[in-house]
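Below, each chain spelled out in residue letters.
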Amino acid sequence: MFGAIQFLNGLSHGLSLFLVAAGLSIIFGVLRVLNFAHGGFYMLGGYVAYEVVRRIGMEHGLFWVAVIVAGLVLALVAAGIERFMLRQLYNRDQIYQLLFTFALVLLIGDVVRIFWSTTALSVSFPPELRGAQNLGFTIYPRYRLFLCVVGVVAAVGLWLLFQRTRWGRIIRAATQDREMLSSLGVNVPMVYLAVFAGGGALAGISGALAAPALALRGGMDAEIIVECFIVVIIGGLGSLWGAFIGALLIGQLRAIGITFVPEWEIVLIYLLMIVVLVFRPWGLFGKKQAGS
Amino acid sequence: MKANMQIALLAALCLGLALVPLSGSTYLVYLATQILIFILFATSLNLLVGYGGLISFGHAAFFAIGGYSNAILLTTYGVPVLLALPGAMVVTAILSAIIGFFCVRLTAYYFSMLTLAFGQLVWAVAFKWRAVTGGDDGFLRVAVPEWLATPSSFYLFSLLVVALAVAVLWVVAHSPLGRTMMAIRENETRAGFLGVNTRLVQLITFTIAGTFAGLAGGLFSMFNRSLFPNSAWWLQSAEVLIMVVLGGIGSFFGPMVGALALILLNRLTLQLTEYWPALLAIILIVTLFFFPNGIAGLFGSRPAPGLRDERGEKSDA
Amino acid sequence: MTKSYNALLLLGVTLLASTVAGSALAQEGEPIRVGVAFPQTGAGASQGSDTALGIEMAIDEINANGGLLGRPVEMFWRDSKGTPADATIAARDLITLDNVDFFLGGYNSGETLAMSEVALQEEVIYVAPVGKTIQLTDNYHPYQFRIAANTNTEGGSAALILEELGAQKICTILFDYAYGHDLLKGFEKALESAGSDAEIVTQVWPALGVSDYTPYIGEVLNSDCDGVFSGIWSGEFLAFAKQASSFGLFDMGKHWAAAGEVGSQDIMEQLGADMPNGIWTNSYEVWYYPDTPEHNAYLEKVRELTGSEHPNPWPSVGYIGMQALAAGIEAAGSTETDAVIAAMEGLSFASLVGELTIGGEGDHQANRGQYWGVTADSEHPFKVLDEVRYVPADDIMH
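By convention here, each chain's residues receive numbers from 1 onward along its written sequence. All chains are assigned letters beginning at A, and all ligands numbers beginning at 1, according to the order in which they are written. Since the coordinates come from a predicted model, pLDDT governs what is reported: local features require at least 70, and pairs of side-chain atoms require 80 or more to be given and counted, while whole-chain, interface and lining totals use all residues. Note that water and hydrogens are dropped before the side-chain values are worked out from all heavy atoms of the structure.

## A word on the pairing of strand 9 (residues 255–258) of chain C
Residue and element names in this part refer to chain C. Let me state the cut-off plainly: Should DSSP find at least two bridges between two strands, the strands are taken to pair. Where helices and strands are cited, they refer to DSSP runs of H or I of at least four residues and of E of at least two residues respectively, numbered from the N terminus. We call a crossover right-handed when, viewed with both strands directed away from the observer, the connection leading from the first strand over the helix to the second proceeds clockwise.
In the sheet, strand 8 (residues 227–230) pairs with strand 9 via four bridges, with the strands oriented parallel. Among the inter-strand pairings, Val228 is bridged to a residue of strand 9, identified as Trp256. With helix 9 (residues 234–246) bridging strand 8 and its parallel neighbour strand 9, the resulting β-α-β unit is right-handed. Bridge count between strand 9 and strand 10 (residues 280–283): two bridges; the pairing is parallel. Note on strand 10: the bridge partner recorded for Ala257 is Trp280. Handedness of the crossover is the feature at issue here: the chain leaves strand 9, passes through helix 10 (residues 265–271), returns alongside strand 10, and the resulting connection is right-handed.

Structure (structure tokens):
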């Protein structure tokens, strides 16, 4: 039976997914780079949080310190990659950018292996969010409710950032017309740097927040990036709304699939994506010219 | 480059390669067979990437489809190999035409992502369809016929098949079709204005590339005597893409060298370092930044037509 | 242009030649050559390395005691990378380049089965110390031996535990790939032959590679089962346990049998206080049981080697695999393949976990049982298994 719990499961999964996919989508929108390494950033964020928690513990709100550290570390890593390497590839054929970010996936995977080996690692729930909450109609784990809240707050926050701030306007302009941007006197390389670092920070924070809900292990990078690709394909590359709706759809589709057609749940998701691509190749919320 | 010279050189190379079993080293015969199979795999992808400008992240799907089809025809239905292998190619051709139909409607990143997604779908089916593929326990005990049972005889058979297949791909690449593909990659709009049905040309390219990847997969299933869903996984697609880039995109022979170099490098470093992925990443990054035309570029091959060079300008073909 | 391709050819020939030179080094020698192929990279790398460590330990011990048949044993090690294709390469390299007489290896079932195919093709004896998949026996050939427990034993022992606890309606949570389906087969078989009237009321099948189990947990929450049989193996159990705990699934009074070696020390340490109390689970070996001289001698050595006071079970798995092979060679009095096969069929040998017997022709599996216990708090920062018992394999393994 598909009840409230399954709906909430789909919702919390979708909202957590949004956080990762949003970074991927924004980076693509501004830089026109499909960042394979986004999953690596996410994984690294989780491991950084693990390391911080291992050293300082997680009582008295220290888990949130770990999350912030993970975001900062990944912002720095991403900024370094953009500034010293990726920047040189903007004028090249897209295959060079794709393969460069793919090389980063391999590199990050090995860095994680060197520092944390390949044993699966676990981060506990932060003490303030342990246990379950009675919602009246059902009982649901606090941490997952919290993840839902984070997803919604992030969506609203990003929307406000884009709509109401100067930075947001610049980023939107960059998504629509890059040539115009430089003629308006905007420091374009700086915008790219900031967006790539911001996307990295989002991925790092997502990874850190996912650590207690999941387990850390090699291969989580590939798992999340494939899922993110599906989200942005369905929603439309470069569209924040697209990432939001795409992530929610995938979350619900998984929960529904597992309830009703458990054998073919994974195939169902691919089928949805293919159907979207056939009828709206640029995604539900993407712009038509983005793909051609 | 003089086409005749190339052909003569290749014929000589094939003859030379036919002598490998005389070394008496089974290890070397196995290694050479593996390299041959991946040479065909990489060359088929290069038709798509180098000539067609279509960056597929799901080419391993066709390798797997060909592999499973061949294994099933040979083992489950007892079809003789000389029919099973072409049969596997037909199956792969049909499926690549269907998948290609959807994929070539898209360009650039969307094409890459959709091929990746289809690749993962093929993986999921191979994984789930336990009755036919064996699921993750793999397809075991592929019925290799008696006359191909020794490593040497299978190597010579693979050499013949790969040589023929590469010859066909060479002809395709140098045919009017190949030139049209390059024209499309260089400027799709202009090619469209000139009355070229760009979608159709790309679909044909996609199908041919898929079919020959399927042939490589068919050989692989007999070579390994077993086949697992992993062979369709996207990292496998990425690895063969790296072979193409390492060898030189768009140079016909570059990807072959790329396959050779990558496999040998892997074997040589296997006992030295456990950080092969990191090493691979560094090789890839060095290639991308400093040798954008791959190994072939080192030897004075021109940048691939239509590929933008370091100055961000498209080189003229 | 032509020159450039000549140069390329030259490069290729040079590289090929250098590998030939490598193969020339491998000649028939005095020592008995034993190949080992486990993942050193990729999925299962840490378990694989620890298993190989156990094999190395057994070999060092053999050599310190004068070797086998008066000959020293030499170990050759290759990385199987956790994938079947790479496992095939590793096994072939061991045989054709390192000229090994025997080989052990394979962490996951794909690797195990792929290596077994190589053993058949090359006619070299292969010992599987880790792989449990029943497909190995279903695809029997004379060159393979399994020293690990199989999925029948693992699923069957879980059934016996749940039956004893009195579960009547059972939920299963098993991975939707070969391992999960094989476990279910063993589970159902054992329930039936035990004459149990328990029935399976709900089945959920998590897909491979998911890390969010909540939709599956939701299905179990909605079921009225009083017993749960889960096969969420080792590393995957970390995520599962935390998610299931947060739903209170372990506090609902359901009897729980968690197969998948969740009682392994590495998992206990990782989960710490997040490991639920009161669930029954299994392990290849635990460092606190049994208190026998053989086991204690082994523990002393493995502690010294790993520097870990509470060693995980993986070295023991490799160690026992090598004990079986060594016993076979000793019994055969030669390293001839056919002689060793004949000697190993029906062979009983003293292992770290007591006497084990290898099945005859058509079987080739040791009657390796399973340690089961119930999770409980301990004086350490991790939980341990209480009421540990050894569930023998003989009645449930076939």
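## With respect to the UniProt feature "transmembrane region" (unreviewed entry) in chain A
Residue and element names in this part refer to chain A. Stated formally: UniProt positions are given in the numbering used here, feature names are shortened, and annotations may be inferred rather than shown by experiment.
Mapped onto this structure's residue numbering, the UniProt feature "transmembrane region" (unreviewed entry) falls at residues 12–34, 62–86, 98–123, 143–162, 190–212, 224–251 and 263–282. Between the first and last C-alpha atoms of residues 62–86 the distance is 34 Å; the span itself is 92% helix and 0% strand. Between the first and last C-alpha atoms of residues 143–162 the distance is 28 Å; the span itself is 100% helix and 0% strand.

## So, the domain arrangement of chain C
All names here are of chain C. Test applied: Where a domain begins and ends is set by an automatic assignment or by a domain database. Note on definitions: buried area is the accessible-area loss of two parts on being combined, 1.4 Å probe, summed for both. A side-chain nitrogen of Lys or Arg and a carboxyl oxygen of Asp or Glu constitute a salt bridge if their distance falls within 4 Å. Counted as a polar contact is a pair of N or O atoms within 3.5 Å, where, for protein atoms, one must be capable of donating a hydrogen and the other of accepting one, and residues adjacent in sequence contribute only when both atoms are in side chains. Amino acids are sorted into nonpolar (Ala, Val, Leu, Ile, Met, Phe, Trp, Tyr, Cys and Pro), charged (Asp, Glu, Lys and Arg) and polar (every other residue, Gly among them).
The domains assigned to chain C are domain 1 (28–149 + 301–367) and domain 2 (152–283 + 371–391). Domain 1 and domain 2 are separated by 29 Å when their C-alpha centres are compared. Interface area lost by domain 1 to domain 2 is led by Lys132, Ile134 and His310, which between them contribute 43%. The tally of links between domain 1 and domain 2 comes to two salt bridges. Put simply, Lys132 and Glu261 hold a salt bridge, and the shortest N to O gap is 2.6 Å. Where domain 1 touches domain 2, the interface holds three residue pairs in polar contact (both at pLDDT 80 or more). Split into classes, the residues belonging to the side of domain 1 that touches domain 2 amount to eight nonpolar, five polar and one charged.

## With respect to the pattern of salt bridges
Where side chains of opposite charge bring their charged atoms close, a pairing between them can arise. The cut-off we apply is this: Buried residues are those whose accessible area, probed at 1.4 Å on protein chains only, stays under 20% of the maximum for their type, while exposed residues exceed 50% and partly exposed ones sit between those limits.
Scanning the model with the defined rule gives 21 salt bridges over all chains in all. Between Arg217 of chain A and Glu236 of chain C there is a salt bridge whose closest N-O contact spans 3.6 Å. You can see Arg217 of chain A sitting in the loop between helix 8 (188–213) and helix 9 (220–235) and its partner Glu236 of chain C sitting in helix 9, one on each of two chains. Residue Arg217 of chain A is classed as buried on the basis of its relative accessible area, which comes to 14%. One continuous salt-bridge network, built from bridges that share partners, spans Arg267 of chain B together with Arg78, Asp93 and Asp98 of chain C.

## Some remarks on the packing of helix 2 (residues 26–51) of chain B against helix 7 (residues 151–173) of chain B
When two helices pack together, their arrangement is captured by the angle between the axes and the distance separating the axes. All names here are of chain B. Rule in force here: Interaxial angles span 0 to 180 degrees and are taken between N-to-C directions of axes, which are lines fitted to C-alpha atoms, for helices over the stretch in contact. If an angle is under 35 degrees, it is roughly parallel; if it is over 145, roughly antiparallel; if it lies from 65 to 115, roughly perpendicular; otherwise it is oblique. By definition, any crossing whose near helix is turned counterclockwise from its far helix by less than a right angle is left-handed, and any crossing with a clockwise turn is right-handed. By definition in these notes, contact holds between two residues if any of their heavy atoms fall within 4.5 Å.
At a minimum axis distance of 9 Å, the contact between helix 2 and helix 7 shows a crossing angle of 15°. The angle between helix 2 and helix 7 places the two elements in the roughly parallel class. In this structure, helix 2 meets helix 7 at a crossing whose hand is left-handed. On the side of helix 2, the interface is formed by Thr26, Val29, Tyr30, Ala32, Thr33, Leu36, Leu40, Thr43, Ser44, Leu47 and Tyr51, while helix 7 contributes Pro151, Ser152, Phe154, Tyr155, Ser158, Leu159, Val162, Ala165, Val166, Leu169, Val172 and Ala173. Per-class residue counts for the contact of helix 2 with helix 7 are 17 nonpolar, six polar and no charged.

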